[in-house]
Amino acid sequence: MAGPLLEISDLRLSAGSGKGAAAILRGIDLALARGRILGIVGESGSGKSSLVNTIMGLTPPGLRAEGRIVLAGEDLLGLSPVRMRALRGHRLAMIFQDPMTALNPVFRIGTQLVDVIRNRHPGTVPAAVEAMAVEALGRVGLPDPGRRMRDYPGQLSGGMRQRVMIAMALVCRPELLIADEPTTALDATIEAQIIDLLRRLRHDFQGSIIFISHNLGTVMQLCDEVAVLYGGHLVESGPVRAVLRRPLHPYTRALVGCEIDDRPVDAPLAFIPGKVPETTERPGGCIFADRCAYAAAPCRTTAPRLAAQGDDRRAACLRLGELP
Amino acid sequence: MQSYPAYVINRILTAVLSVFGAMLVIVILISLVPGDPATVLLGPLATPEYAQHFIAEMGLDQPVHVRLWRLAAGFAQGRLGTDVISGQSVNTIVAAALPHTFALAFAAMALACLVGIPAGVWSAVRKGSAGDTAIAMVSVVFVSVPSFILGIVLLVVFSIWLDWLPVLGLSPSASLRDAAIRMILPTVALALGWIGLIARLVRTSMLETLGQNYIRTARAYGLREGLVHYRYALKNAVIPTLAIIGMGFGRLLGGAVLIEIIFARQGLGSILYDALQARNFSVLQGTVFVVVVIFIAVNLLTELSYALFDPRIKFSRR
Ligand SMILES: Nc1ncnc2c1ncn2[C@@H]1O[C@H](COP(=O)(O)OP(=O)(O)O)[C@@H](O)[C@H]1O
Ligand SMILES: [Mg+2]
């Protein structure tokens, strides 16, 4: 099929109304082609999880999503809860940040995996389901997968649990796999192993991936493209190398810390003075103006639009042409 | 960390100690009960010699430690004593009553779980709906009104006004069907409070569980809501209530005893009631001992099975 797998336009996510209303996503435009890996970066609270939860249809009750999220020609926001549920675990799958709590502590991992497979491939005979589960656990590098099936999550380490989550996602053969900071809760060596696993799995996995991470080095290694989120806005996007090597937007520059030449790109997000805007703030101009080193008078009154910069890059900044 | 066998041994020793402690309390309490049993039982006209003989027969002339020792020795051999009035073995008396009390308690607990658990899940899933509010209000009434009052109300409404169900008792010759019909009101009276309690506990526990990350995972993989609620969430939600239900079983037996008295049913209740009325301590201490042992045994089983049921309670593996 031609066209992108996922196309998001003017996606807004808000809570409440009136003065205390929270704007969590403030009009996101984003496209993801088939088979590509998109990294999403941004400080905590910039709306990364909210974005992917909205794609999954897993936003908590009380939040309002407007705009369009088109997956292979179908607008997800227009779907009934039943249709949406039918997409999850089939065409959409997700890996979560905290592997310690993402698996049900009182069911064996085999049971949890088998339930997901049975939902994904209804009518498969039990023996085949079991075999698929064992095979998937083996594929993600769990030693002795047959026996591990009988373990409870509490008997596995964090890294092993995250492997189980990845196995769960893989057996669904989703068109879109979402990983929300899958390694943030793990220590560095385990993180490296999980990233390595994802890189290897990439080759036989046909679908697209959205990968949220705090670690720009990881994004650089794993992703094809990157989108930078700030205060519910998408401020910059483009090919991962280009964006992270030569960021355009002042926020991306600050993130990468490119002003300081010797900062390794593998470092966690750099510290930027000031803090992420509250969801209740409604600045008239650029959302980043308060913290921006390059902000000028118009930045405080005019909101910049996300505009194409060359063939494949986009950035939302009024002063792009004037920046050093 | 303890291994499971070590944990089991530890709990069993604690339970045995508790039984022993309870016996001590029984003996001391009996020695403190006002009213000379000989006078109460034999009437004021009994000769002092006969009263003396009677007291000696019951062992009441001995100091507490001797009585405790005799009692313990007898109980340890499975002898609950002899009813000084009828001459029957207390074992026989208790054995005849026990099945009735157990049947009532188990039926009530089964009914309470059968109704209370789904009601709790249903309320949690439809939090804030009219149904949830209704269940909450009914639960509060059930929990706060003592079961013997509920029993009397049921008795008046269903047996006397509506005349749907037989008034009282359990005739010894009754058919199974008749026995079952006569079980209905006492069971319901005993269960209502537990239905309310279990519904509240399960609701609270379900709401907490439904907010957990693993529930989000189940949803993220498209599992049906029924499966998410009644399988993935319920097992987590029920574990904390399980302990309370188990611990409550002792209280349930206590409630059963009262209900038995109200509905004039055979059972431990009527035995205890009669024995207490008559200051018949030989029967009283044997029966109370049995109740205590059941209570402690149920709690022990609850703890042990709880530890097995919840894989989060970890024991070191060899
Ligand atoms: N259910 C909600 N109601 C109101 N505000 C929310 C809700 N969920 C998240 N937010 C707010 O939205 C913002 C973005 O959160 P999140 O998507 O978790 O960011 P990130 O994943 O980038 O750290 C935060 O300010 C957070 O407080
Ligand atoms: Mg997040």
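Only a predicted model underlies this, so the values are computations on that prediction, with no experimental measurement involved. (Residues numbered from 1 in each chain as written. Chains lettered and ligands numbered in written order. Predicted model: local features only at pLDDT ≥ 70, side-chain atom pairs only at ≥ 80, totals over all residues. Heavy atoms only, no water.)

### Here's the deal with the pattern of salt bridges
Residue and element names in this part refer to chain B.
Phase 1 of the analysis: The tally for this structure, following the rule as stated, stands at 21 salt bridges over all chains.
Phase 2 of the analysis: Between arginine 203 and aspartate 132 there is a salt bridge, and its shortest N-O distance comes to 2.8 Å. On the criterion of sequence distance, the pair formed by arginine 203 in helix α8 (residues 176–210) and aspartate 132 in helix α6 (residues 130–144) is long-range, its members being 71 residues apart. Exposure class is identical for arginine 203 and aspartate 132. Each is buried. (Salt bridge = Lys/Arg side-chain N within 4 Å of Asp/Glu carboxyl O. Helix = DSSP H or I, 4+ residues; strand = E, 2+ residues; numbered from the N terminus. Buried < 20%, exposed > 50% of the residue type's maximum accessible area, 1.4 Å probe, protein only.)

### A word on the sheet that holds strand β3 (residues 37–41) of chain A
Residues and elements named next belong to chain A.
Phase 1 of the analysis: Strand order in this open sheet of eight strands is β6-β7-β8-β3-β9-β10-β12-β11, and the pairing throughout is mixed. The open sheet has two free edges, formed respectively by β6 (92–95) and β11 (307–309), since each of these has just one partner strand. Recorded for the sheet is a direction-independent mean angle of 20° between the axes of neighbouring strands.
Phase 2 of the analysis: Sheet topology places strand β7 (residues 176–180) next to strand β8 (residues 208–212); five bridges connect them, and they run parallel. Each bridged residue has a counterpart across the sheet, and for aspartate 180 the counterpart in β8 is isoleucine 212. (Pairing = 2+ DSSP bridges. Axes fitted to C-alpha atoms, helices over the stretch in contact; angles between N-to-C directions.)

### Topic: the site of ligand 1
All names here are of chain A.
Phase 1 of the analysis: Contacts to ligand 1 come from Ile24, Glu43, Ser44, Gly45, Ser46, Gly47, Lys48, Ser49, Ser50, Pro60, Leu63 and Thr279.
Phase 2 of the analysis: Between an oxygen atom of ligand 1 and a main-chain N or O atom of glycine 47, the distance comes to 3.1 Å.
Phase 3 of the analysis: When ligand 1 is considered free in solution it has 560 Å² of accessible area, and contact with the protein chains removes 63% of it.
Phase 4 of the analysis: By residue number, the principal contributor to the shell around ligand 1 is helix α1 (residues 48–56), which donates three residues.
Phase 5 of the analysis: Counted by class, the shell around ligand 1 contains three nonpolar, seven polar and two charged residues. (Near = heavy atom within 4 Å. Polar contact = N/O pair within 3.5 Å; in protein donor to acceptor, adjacent residues only side chain to side chain. Areas by Shrake-Rupley, 256 points an atom, 1.4 Å probe, with all protein chains shown as cover. Nonpolar A, V, L, I, M, F, W, Y, C, P; charged D, E, K, R; others polar.)

### A look at the environment of Val94(B)
Phase 1 of the analysis: Looking at where Val94(B) falls in the secondary structure, it is placed in helix α5 (residues 90–125).
Phase 2 of the analysis: Setting aside anything within four residues of it in sequence, one finds Val94(B) in contact with Leu80(B), Leu268(B), Ile271(B), Thr287(B) and Val290(B). (Contact = heavy atoms within 4.5 Å.)

### Observations regarding the environment of Leu170(A)
Residues and elements named next belong to chain A.
Phase 1 of the analysis: By secondary structure assignment, the location of leucine 170 is in helix α7 (residues 158–171).
Phase 2 of the analysis: Since its relative accessible area comes to 8%, leucine 170 is described here as buried.
Phase 3 of the analysis: The contacts of leucine 170, once residues within four sequence positions are left out, are Arg139, Val140, Leu201 and Phe205.

### Remarks on the confidence of the model for chain B
Phase 1 of the analysis: Summary statistics for chain B give a mean pLDDT of 82 and a share of 88% for residues scoring 70 or more.
Phase 2 of the analysis: Among the prediction metrics, the complex's ipTM stands at 0.90, with pTM recorded as 0.79. (pLDDT = per-residue confidence, 0-100.)

### Describing unusual backbone geometry
Phase 1 of the analysis: You will see that Asp144(A), though not glycine, has its phi angle at about 55°, which is positive.
Phase 2 of the analysis: With respect to the helices and strands, the residue Asp144(A) is situated in the loop between α5 (126–139) and α6 (145–148).
Phase 3 of the analysis: Located in the positive-phi region is Ala264(B), a residue other than glycine, with phi close to 50°.
Phase 4 of the analysis: Position of Ala264(B) among the secondary structure elements: in the loop between α10 (225–262) and α11 (268–277).

### Some details on α5(B)
Residue and element names in this part refer to chain B.
Phase 1 of the analysis: The end-to-end C-alpha distance of α5 is 51 Å, a good match for the 52 Å that 36 residues give at a rise of 1.5 Å each.
Phase 2 of the analysis: When the local axis directions of α5 are compared, the greatest deviation, roughly 30°, occurs at alanine 97, which is followed within four positions by the proline proline 99.
Phase 3 of the analysis: Residue serine 89 occupies the N-cap position of α5, its side-chain oxygen lying 3.0 Å from the main-chain nitrogen of asparagine 91. (Expected span 1.5 Å × (residues − 1). Bend = angle between axes of the 7 residues up to and from the residue.)

### A few points about the pairing of strand β1 (residues 6–15) of chain A
All names here are of chain A.
Phase 1 of the analysis: With eight bridges joining them, β1 and strand β4 (residues 63–71) adopt antiparallel strand pairing. Looking at the pairing, leucine 13 lines up with alanine 65 of β4.
Phase 2 of the analysis: Looking at chain direction, β1 and strand β2 (residues 22–32) are connected through eight bridges and run antiparallel. Of the residues in β2, the one forming a bridge with leucine 13 is leucine 25.
Phase 3 of the analysis: In sequence, β1 turns back onto β2 through a hairpin of six residues, with glycine 16 there showing a positive phi of about 70°.

### So, the interface of chain A and chain B
Phase 1 of the analysis: Each side of the interface is counted separately: chain A has 30 residues, and chain B has 21 residues.
Phase 2 of the analysis: When chain A packs against chain B, the two sides together hide about 2,200 Å² of surface, and 59% of this comes from carbon and sulfur.
Phase 3 of the analysis: Interface area lost by chain A to chain B is led by Arg85(A), Val106(A) and Phe107(A), which between them contribute 25%.
Phase 4 of the analysis: Between Arg231(B) and Asp115(A) there is a salt bridge, and its shortest N-O distance comes to 2.9 Å.
Phase 5 of the analysis: Linking chain A to chain B there are 11 residue pairs in polar contact (both at pLDDT 80 or more). (Buried area = accessible area lost by both parts, 1.4 Å probe.)

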